[in-house]
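# Survey of secondary and tertiary structure
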Amino acid sequence: MNVPYLTRRLLYGIPLVLGVTFISFLLMVYFGPDKTYELIGKNPTAEQIVDVRHALGYDRPFLFRYIDYVRELITLDLGHSDSTGEAVSSILIRTLPISIALVVPGFVLGNLLGLGLGMLDKLVMSASVVGMSVSFIVIIIGLQILLCTPYGLNLFPVRGWQVHDPGSYFYYVTVPTLALVMVTLGYNTRFYRAVMADEIGRDHIRTLRAYGARPTELMFKHVLKNSLIPVLTRVMFSVPFVLISGSLLLESYFGIPGVGLVTFNAITSGDQPLLKAVVGLTGVLFVVALTVNDILYSIVDPRIAKS
């Protein structure tokens, strides 16, 4: 590992973190809902309004409020939910592992299958377009009817998450995994096929083929290896999207108590502390994914670290 390159990438991540947290602060906190009139009765006096705004910190300077917001994200001291009164950090610690366990199988399978199909003939592209045209919600509902109800095979639960061993985990995660694979496979296959086709058309690949290199050797030793940078980019930048937005739909429809479901409930109930925590931490997660992606670049192609 090139230590100067690693240090440089980590340092570049600092202004990015400050940037995304600043934007989330503006949208979710500074220009967010004003709780003043939710906490005081009808016909408040001017003194009561001033007292409540002071207690909420609304009268503090902009920079101090932003620094407090960053400190909350760093320390995970994110306040308490307006809906339940539970500490936001406790909610995230409880629900995030469930979301990770829910989306990891579908995320991994969707990318591996997409990568494998992307190496095949162009006919695969036609099938991938069909997969891209179907709504995620339609796929979820269709699989629920087919696999989870008496109208279909009735093999798996429609809702819930009672996981306590590998067998119960497989029982509850199978249908959400199938839904996630089906909705991402078309996009992944189309992307990976385009990357592979571009690499296959390069001069050095045509030269190797002319000298009698075996197709499998060409694909795995040269094409796939040289395509790893866009593949890594696709995978790393999909992580925050799948973890938050993907789990939101899955958990809402399957009644799984992960971070997606609590985010959905926070949106519908206007739970500001929970929403600002999810938005801020998601932004930080994107920056982390970007930094890890740059580090992986230097491992795949050491020339990048020297540039």
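So, how was this worked out
- Residues numbered from 1 in each chain as written.
- Predicted model: local features only at pLDDT ≥ 70, side-chain atom pairs only at ≥ 80, totals over all residues.
- Heavy atoms only, no water.
- Axes fitted to C-alpha atoms, helices over the stretch in contact; angles between N-to-C directions.
- Helix = DSSP H or I, 4+ residues; strand = E, 2+ residues; numbered from the N terminus.
- Parallel < 35°, antiparallel > 145°, perpendicular 65-115°, else oblique.
- Contact = heavy atoms within 4.5 Å.
- Nonpolar A, V, L, I, M, F, W, Y, C, P; charged D, E, K, R; others polar.
- Left-handed = near helix turned anticlockwise from the far one by under 90°.
- Buried < 20%, exposed > 50% of the residue type's maximum accessible area, 1.4 Å probe, protein only.
- Phe/Tyr/Trp six-rings, centres within 6.5 Å; stacked < 30°, edge-to-face > 60°.
- pLDDT = per-residue confidence, 0-100.

Our next topic: the packing of helix 9 (residues 203-210) against helix 10 (residues 215-226). Contact pair helix 9 / helix 10: the axes reach a minimum separation of 11 Å and the direction vectors enclose 175°. Relative to helix 10, the element helix 9 lies roughly antiparallel. Each of His204, Ile205, Leu208 and Arg209 in helix 9 lies in contact with helix 10, whose residues at this interface are Leu218, His222, Val223 and Asn226. Among the residues forming the contact of helix 9 with helix 10, the class breakdown is four nonpolar, three polar and one charged.

A word on the packing of helix 7 (residues 136-148) against helix 8 (residues 166-200). Closest axis-to-axis distance for the helix 7/helix 8 pair is 9 Å, and the angle between their directions is 140°. Viewed along their axes, helix 7 and helix 8 form a crossing whose handedness is right-handed. Of helix 8, the residues touching helix 7 (which contributes Phe136, Ile139, Ile140, Leu143, Leu147 and Cys148) are Val175, Leu178, Ala179, Leu180, Met182 and Val183. When grouped by side-chain class, the residues that make up the contact of helix 7 with helix 8 number twelve nonpolar, no polar and no charged.

In the Ramachandran plot, Leu76 falls in the positive-phi region, its phi being about 60° despite a non-glycine side chain. Following the sequence through the fold, Leu76 ends up in the loop between helix 4 (62-75) and helix 5 (88-118). Leu76 sits in the partly exposed class, given a relative accessible area of 38%. The phi dihedral of Asn154 is positive, around 55°, even though this residue is not glycine.

A word on the packing of aromatic side chains. Applying the stated criterion to the full structure yields 14 aromatic pairs. Ring plane angle 45° and centroid distance 5.7 Å describe the contact between Phe25 and Tyr69, whose orientation is recorded as tilted. Highlighted residues: Phe25 in helix 1 (residues 3-30) and Tyr69 in helix 4, separated in sequence by 44 residues. Here Phe25 falls in the buried class, since its relative accessible area comes to 0%. Note on Trp161 and Tyr169: the rings are 6.1 Å apart at their centroids and 90° apart in plane angle, and the pair reads as edge-to-face.

Mean pLDDT over the protein: 88, with 95% of residues reaching 70 or higher. Considering each helix and strand of the protein separately, the mean pLDDT is smallest for helix 6 (residues 123-132), with a value of 66, and largest for helix 7, with 94.

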